[in-house]
Amino acid sequence: MIKPIQVALVGLAISVSWCRNAGAQGPVSRSAEGAVTVRATRVTEPIKIDGNLDERAYTDILPIDEWFQQEPHEGAAATERTEAWILFDDRNIYISARCWDSHPEREVANEMRRDSNNIIQNESFTIIFDTFHDRRNGVFFQTNALGALRDAMSTDESNQNTDWNTIWDVRTQRSDQGWSVEFVIPFKSLRYGPGREQTWGINLRRIIGWKSEWVFLSTPPAYLGQPSILAVSKAATLVGLEVPESRKLLEIKPYGIAGIRTDLGTRDPFINKRDHDFGGDAKYGITKSLTLDLTYNTDFAQVEDDTQQVNLTRFNLQYPERREFFLEGQGLFAFGNARLGGGGGGSSNTPVLFFSRRIGLNNGRPVPIAGGGRLTGRIGDYSIGMLNIQSENDVPSASKATNFSVLRLKRNILRRSNVGVLYTRRIETETGGAPPGETFGFDGLYSLSTSLNVNGYYARTKTAALNGGDDHSHLLSFDYNADRYGLQVQNLAVGPTFIPQVGFLRRTDFKRNFAQARFSPRPSRDHWKAIRRFVYSANVEYIENNQGRLEFREQEGL
């Protein structure tokens, strides 16, 4: 409850300021330039997460009730009423919404699988937080009218990691007037900068599935399409938020396994043979934005199985990382990738210099991990990632004891640009093992605006068995991706002896040139009510090996 005359004296100044600033105008302010600011409100009474929205806070606090379309009519007011609240207490942040609907019988709600992308085809509600307010990175939470859960982490308004999961909950309720939703997200599930008083970026999106209407609190450009929620540079500014006093985060996940086996049918029969094993993971929050992960005798038995893929090409398949130990901060280790809206087609040909599935897996079999650690997070304008893992000998997978090391450092520059370096090292630790395999690289992104980005990288590998030769790779990419016009140009090269031993190569020994032009006018609504946009595009792709022999050529017009 937020009425200032009823709260404790310690909260009086905040409450009086809130009433004076919000008053009849509500919790949202919009500048003449289109910037949106929204205020979070502290609650003193508990919020029960059941989707009913029957607590007094929802009557005492004015809702966010101004929403604007991205689709089908960019910038127009929403056709269905939506009310939302941003609340918090000493432990959690709450996002609640009442989604009114003039025809609730038409609502689309048929997906309950965790992290399913099909949720976006339903009546859904999405939150994204830019907790460091750097207008680059975010974490988002999504549900539909049935209460399905989907969360993800994004880096540089791109590089979406949907396998990342954290602790949060959501409940929904449906009625003959629409549906309502309540999210609860513990502060300890998020990473953010120092200080009790916080300023974050935030955006909220409601999808009215049966109308194919997308409405936002702060509407990003329509040409960004489905991933536009990741454009935190276009998000609103969240003020008034107070996080808990600084406390060290420590999580410990031990495990133990014991058993007795009897097998009389083997060449060497045995009775009541005992075996046991133990290990665990630990997570320690050095600061609110810097996290240390440790692992000993790692057990990945609880990891979800890979989705089966059928390979009808001559190229290797790249499976996503699903092991929890490697997931947090995974986007930090991404190297040379384009920002949101980037095109270029065939981007999977770009080498992945650090691919965590090289650790603990070999020849399709798991390899025992003795232990290791990871340090990920932010220090000022720098993002840092360090990893060291030791694997053991394993006869079934023909693996020798190996040490893996990775160092990643990125520096934010200008408003939305960055530069970074990456170093990886793989060495067999047995006496007389092969010399180490190393990879060095630096990358950069210059982002003048959401629609204009230039990025590239240069990298080299060092492998003793392949001394000499062309062991470098480079990428230069120009991407102009506006609403009416688009142009992408890319040059990518991988040398014949470029082998990142802790990375992934889909294609080796090649040079690729790609160009694409697009013209996409939006017709007048008076004459073309059923058509939102015409898209005309043409592209050419040319791939040859480093000896000049043609491997692939394509010209396409749509």
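Please refer to the structure placed before this passage.
Note that the structure is a prediction, hence the values are computed from the model and not measured.

Engineer: Is there a simple way to explain the overall build of the protein in this structure?
Structural biologist: Across its full length, the protein carries three helices and 31 strands. The 558 residues of the protein split such that 49% are buried. Put simply, 60% of the contacts in the protein that link residues at least 6 apart link residues at least 24 apart. Here the protein displays about 27300 Å² of accessible surface, and carbon together with sulfur accounts for 53% of that area. Put simply, the protein has 66 plus and 65 minus side-chain charges, and the middle of one group is 3 Å from the middle of the other.

Engineer: Is there a simple way to think about the pairing of strand β18 (residues 290-296) in this case?
Structural biologist: Two faces belong to every sheet, and in a regular strand the side chains alternate between them. In terms of strand pairing, strand β17 (residues 270-287) meets β18 through seven bridges, oriented antiparallel. Considered in β18, the bridge of D281 is made with T295. Where β17 folds back onto β18 in an antiparallel hairpin, the turn is made up of two residues. Relative to strand β21 (residues 369-379), β18 runs antiparallel, the two being bridged by seven bridges. Bridging from a neighbouring strand, D293 pairs with R374 of β21.

Engineer: When you look at the environment of D509 in this model, what are you seeing that I'm missing?
Structural biologist: Along the chain, D509 turns up in the loop between β28 (485-494) and β29 (510-519). For D509, a relative accessible area of 17% gives the class buried. When the C-alpha positions of D509 and N546 are compared, they lie 6.1 Å apart, and in sequence the two are 37 residues distant. Beyond its immediate sequence surroundings of up to four residues, D509 is in contact with V494, G495, P496, N545, N546, Q547 and E551. There is a polar contact of 2.5 Å between the side chain of D509 and the side chain of N546.

Engineer: When you look at the nonpolar core in this model, what are you seeing that I'm missing?
Structural biologist: Across soluble globular proteins, nonpolar side chains have a tendency to be buried as a group. In terms of nonpolar packing, the biggest core is built from 40 residues, with I93, F125, F129, W200 and L204 touching the most fellow members. For this core, the secondary structure elements donating two or more residues are β2 (36-39), β5 (82-88), β6 (92-100), β7 (124-130), β8 (138-144), β12 (178-186), β13 (197-208) and β15 (236-242). Leave out the neighbours within four places in its chain, and I93 touches I86, L87, F88, F129, F183, V184, I185, F187, W200, L238 and L241. If you look at the next biggest cluster of nonpolar residues, it comprises 23 residues, including F333, F404, L475 and L505.

Engineer: Explain the packing of aromatic side chains here, please?
Structural biologist: The geometry of an aromatic ring pair comes down to the distance between the two centres and the angle between the two planes. A complete count under the given rule lists 20 aromatic pairs for this structure. Their ring planes at 70° and their centres at 5.5 Å tell us that F129 and W200 sit as a pair that is edge-to-face. Taken together, the positions of F129 in strand β7 and W200 in strand β13 put the pair 71 residues apart, joining distant regions of the chain. On the basis of relative accessible area, F129 is assigned to the buried category, the value being 0%. A connected cluster of aromatic rings, assembled from ring pairs, spans W67, F125, F129, F141, W164, W168, F183, F187, Y192 and W200. Of note, R374 hangs over the ring of F325, and the distance from its end group to the ring centre comes to 5.8 Å. Above the face of the F510 ring, R507 is positioned so that its terminal group lies 5.8 Å from the ring centre.

Engineer: Looking at this structure, how should I read the pairing of strand β27 (residues 472-481)?
Structural biologist: Across nine bridges, the pairing between strand β26 (residues 452-462) and β27 is antiparallel. Across the sheet, V454 pairs through a bridge with F478, a residue of β27. Of the strand pairs in this sheet, β27 and β28 are connected by nine bridges, and their pairing is antiparallel. Across the sheet, the residue bridging to L476 is N491, located in β28. Once β27 ends, the chain turns through three residues before running back antiparallel as β28.

Engineer: Mind showing me how you'd approach a nonpolar patch on the surface here?
Structural biologist: Where nonpolar side chains cluster on the molecular surface, the patch consists of I379, Y382, L409, V421 and F442 and spans about 460 Å² of accessible area. Structurally, Y382 is set in strand β22 (residues 382-391). Assessed through its relative accessible area of 40%, Y382 is described here as partly exposed.

Engineer: Mind showing me how you'd approach the environment of T172 here?
Structural biologist: Here T172 shows up in strand β11 (residues 169-175). Given the relative accessible area of 14%, T172 is considered buried. In the structure, T172 is positioned 26 residues away from L146 in sequence and 6.4 Å away in space, judged by C-alpha atoms. Once you skip the residues sitting within four places of it in the chain, T172 turns out to touch D50, G51, T143, N144, A145, L146, G147, W179, S180 and V181. Within polar-contact distance, the side chain of T172 engages the backbone nitrogen of G147 at 3.4 Å.

Engineer: Would you take a moment to explain the side chain of T237 for this structure?
Structural biologist: Within the secondary structure, T237 is located in strand β15. When near neighbours in sequence (up to four residues on either side) are disregarded, T237 contacts V36, T37, V38, H133, R135, T199 and W200.

Engineer: I'm lost on the sheet that holds β12 in this one. Help?
Structural biologist: One open sheet accounts for five strands, arranged β3-β5-β6-β12-β11; its pairing is mixed. Each having just a single partner strand, β3 (41-42) and β11 make up the two edges of the open sheet. Two elements, β5 and β6, share seven bridges in a ladder whose sense is antiparallel. Bridging from a neighbouring strand, F88 pairs with I93 of β6.

Engineer: When you look at empty space enclosed by the protein in this model, what are you seeing that I'm missing?
Structural biologist: Empty pockets left among the atoms are what a rolling probe the size of a water molecule brings to light. Evaluation of the coordinates by the stated rule reveals two cavities of 30 Å³ or more. Its boundaries defined by the atoms lining it, the second largest cavity holds a volume of some 50 Å³. Taken together, P27, V38, R39, T41, I61, L62, P63, I64, A84, W85 and I86 make up the full set of residues lining the second largest cavity. Counting only elements with at least two residues in the lining of the second largest cavity, the list comes to β2 and β5. Tallying contributions element by element places β5 first for the lining of the second largest cavity, with three residues. Within the lining of the second largest cavity, the residues separate by chemical class into nine nonpolar, one polar and one charged.

Engineer: Which parts of the structure should I look at to understand unusual backbone geometry?
Structural biologist: If a residue is not glycine, its phi is most likely negative; likewise, a peptide bond is most likely trans. Residue P72 is reached from E71 by a cis peptide bond, and omega for that bond is 5°. Mapped onto the elements of the fold, P72 is located in the loop between β4 (68-71) and β5. Despite not being glycine, S212 has its phi angle at roughly 55°, a positive value. The residue S212 is located in the loop between β13 and β14 (213-216) in this model.

Definitions and limits used
- Residues numbered from 1 in each chain as written.
- Predicted model: local features only at pLDDT ≥ 70, side-chain atom pairs only at ≥ 80, totals over all residues.
- Heavy atoms only, no water.
- Helix = DSSP H or I, 4+ residues; strand = E, 2+ residues; numbered from the N terminus.
- Buried < 20%, exposed > 50% of the residue type's maximum accessible area, 1.4 Å probe, protein only.
- Contact = heavy atoms within 4.5 Å.
- Areas by Shrake-Rupley, 256 points an atom, 1.4 Å probe, with all protein chains shown as cover.
- Lys, Arg positive; Asp, Glu negative; His and termini not counted.
- Charge placed at Lys NZ, Arg CZ, Asp CG, Glu CD.
- Pairing = 2+ DSSP bridges.
- Polar contact = N/O pair within 3.5 Å; in protein donor to acceptor, adjacent residues only side chain to side chain.
- Core = buried A, V, L, I, M, F, W, Y, C linked by side-chain atoms within 4.5 Å.
- Phe/Tyr/Trp six-rings, centres within 6.5 Å; stacked < 30°, edge-to-face > 60°.
- Lys NZ or Arg CZ within 6 Å of the ring centre and 35° of its normal.
- Patch = residues over 30% accessible without salt bridge, like charges linked within 9 Å, V, L, I, M, F, W, Y side chains within 5 Å.
- Salt bridge = Lys/Arg side-chain N within 4 Å of Asp/Glu carboxyl O.
- 1 Å grid on protein atoms, 1.4 Å probe; cavity = no way out; pocket = protein on both sides within 12 Å on 5 of 7 lines; lining within 4 Å.
- Points joined across faces, edges and corners; volume = space filled by probe spheres on them.
- Nonpolar A, V, L, I, M, F, W, Y, C, P; charged D, E, K, R; others polar.

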